[in-house]
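Here is how the chains run, residue by residue.
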Amino acid sequence: MISVIIPVYNAEETIGRAIKSVINQPYVHQLILINDASTDNSNIIISYYKDKYFSPSKGIKLDIIQLEINVGVSVSRNKGLEYVQSPFLTFLGADDEFQPRRFCKDLPLLLANEDFEGIYAPVQIVYDTRNAQINHQKISNEKECIGAIKEDNASLFSKFLGSADQYFLLSGLLIRTRSISQIGYFDPGLIFCQDTDW
């Protein structure tokens, strides 16, 4: 019922964990990995997981798209959207992971409410190192300054998310695939905030 799209670029240290967090999820029908011309061992790790965990009898369809040149996360996600075969979809970063039973409340709620196009669930951020937290906070502050008037952006984020120091992560979103015709694709011109813009 759910397709999961993971763009991958030089994620050899984390992609295995991301894949493992998807394969045991109830309701997941398809995993789409877009290797954005990684120069590390990401492809070897993807192949290992493909051989170990995916087969027609295991239930989850695996699509691996190999890009010849690095095109960025927006184009990679857009490419993944072309392969979606499920009525619902979500995204996951190659350095992120889903909690167990991630969709067990959201999917039944969407199924019971045909007029809902999507649900955004809480996302927990866990840092491996203090430097990762500092770098993430720097990016977070840059994301809040994307418009011409910072106060307007802070107000928008506050209304949407409940406080201006939070931001939107795609891994918390589960949407109906039919919504893509209304939402459109990711803007490949954006370096930051592709997910928030979308």
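Here, every reference points to the structure presented above.
Rules of the game
- Residues numbered from 1 in each chain as written.
- Predicted model: local features only at pLDDT ≥ 70, side-chain atom pairs only at ≥ 80, totals over all residues.
- Heavy atoms only, no water.
- Helix = DSSP H or I, 4+ residues; strand = E, 2+ residues; numbered from the N terminus.
- Buried < 20%, exposed > 50% of the residue type's maximum accessible area, 1.4 Å probe, protein only.
- Contact = heavy atoms within 4.5 Å.
- Areas by Shrake-Rupley, 256 points an atom, 1.4 Å probe, with all protein chains shown as cover.
- Patch = residues over 30% accessible without salt bridge, like charges linked within 9 Å, V, L, I, M, F, W, Y side chains within 5 Å.
- Salt bridge = Lys/Arg side-chain N within 4 Å of Asp/Glu carboxyl O.
- Phe/Tyr/Trp six-rings, centres within 6.5 Å; stacked < 30°, edge-to-face > 60°.
- Polar contact = N/O pair within 3.5 Å; in protein donor to acceptor, adjacent residues only side chain to side chain.
- Axes fitted to C-alpha atoms, helices over the stretch in contact; angles between N-to-C directions.
- Parallel < 35°, antiparallel > 145°, perpendicular 65-115°, else oblique.
- Left-handed = near helix turned anticlockwise from the far one by under 90°.
- Nonpolar A, V, L, I, M, F, W, Y, C, P; charged D, E, K, R; others polar.

Caption draft 1: Representation of the overall build of the chain in the model. For the chain, the count of helices and strands is eight helices and six strands. Listing each helix as α and each strand as β along the chain from the N terminus yields β-α-β-α-β-α-β-α-β-α-α-β-α-α. Counting over 198 residues, the chain shows a buried share of 43%. The long-range share in the chain, meaning contacts at least 24 apart out of those at least 6 apart in sequence, stands at 77%. As displayed, the chain has an accessible area near 11000 Å², and 52% of this comes from carbon and sulfur atoms.

Caption draft 2: Here's a closer look at a nonpolar patch on the surface. Residues Met1, Tyr27 and Leu111 make up a contiguous nonpolar surface patch of roughly 270 Å² in combined accessible area. One can find Leu111 in helix H4 (residues 106-112).

Caption draft 3: Seen up close, the packing of aromatic side chains. Enumeration according to the criterion identifies four aromatic pairs in this entry. Aromatic pair Tyr49 and Tyr53: ring centres 5.5 Å apart, planes at 15°, arrangement stacked. With a gap of four residues between them, Tyr49 and Tyr53 both fall in helix H2 (residues 42-53), about one helical turn apart. Accessibility expressed as a relative area gives 11% for Tyr49, which makes it buried. A residue is classified by how much of its surface remains accessible, and Tyr53, at 25% relative accessible area, is partly exposed.

Caption draft 4: Region of interest: the environment of Thr177. Mapped onto the elements of the fold, Thr177 is located in the loop between strand S6 (173-176) and helix H7 (180-183). The contact partners of Thr177, leaving out residues within four places of it in the chain, are Val84, Ser86, Pro87, Phe88 and Leu89.

Caption draft 5: Structural context of the side chain of Thr90. Within the fold, Thr90 resides in strand S4 (residues 88-91). Among the polar contacts listed, one links the side chain of Thr90 to the backbone oxygen of Leu173, at a separation of 2.4 Å. Contact partners of Thr90, with chain neighbours within four places excluded, come to Ile2, Ser3, Val4, Ile5, Phe98, Phe103, Leu170, Ser171, Leu173 and Leu174.

Caption draft 6: Local environment of the environment of Ala94. Mapping Ala94 onto the fold places it in the loop between S4 and H4. Along the sequence, Ala94 and Pro7 sit 87 residues apart, while their C-alpha atoms lie 6.4 Å from each other. Once residues within four sequence positions are removed from consideration, Ala94 is found in contact with Ile6, Pro7, Val8, Ala11, Thr14, Ile15 and Ala18.

Caption draft 7: Expanded view of helix H1 (residues 15-23). Within H1, seven of the nine residues are buried, which leaves it mostly tucked inside the rest of the structure. Among the residues of H1, Ile15, Gly16, Ala18, Ile19, Ser21, Val22 and Ile23 are the ones counted as buried. Buried positions along H1 lie against strand S1 (2-8), strand S2 (28-36) and H2.

Caption draft 8: Looking closely at the side chain of Ser21. Inspection of the secondary structure assignment puts Ser21 in helix H1. Judged by relative accessible area, which is 10%, Ser21 ranks as buried. Residues in contact with Ser21, not counting those within four places in the same chain, are Leu92, Glu97 and Phe98.

Caption draft 9: Representation of the packing of H1 against H2. Where H1 meets H2, the axes come as close as 9 Å, and the angle between the chain directions of the two elements is 30°. Between H1 and H2, the interaxial angle falls into the category roughly parallel. The two elements H1 and H2 meet at a crossing, and its hand is right-handed. On H2, the residues that touch Ile15, Gly16, Ile19, Lys20 and Ile23 of H1 are Ile45, Ile46, Tyr49 and Tyr53. Broken down by class, the residue content of the contact of H1 with H2 amounts to seven nonpolar, one polar and one charged.

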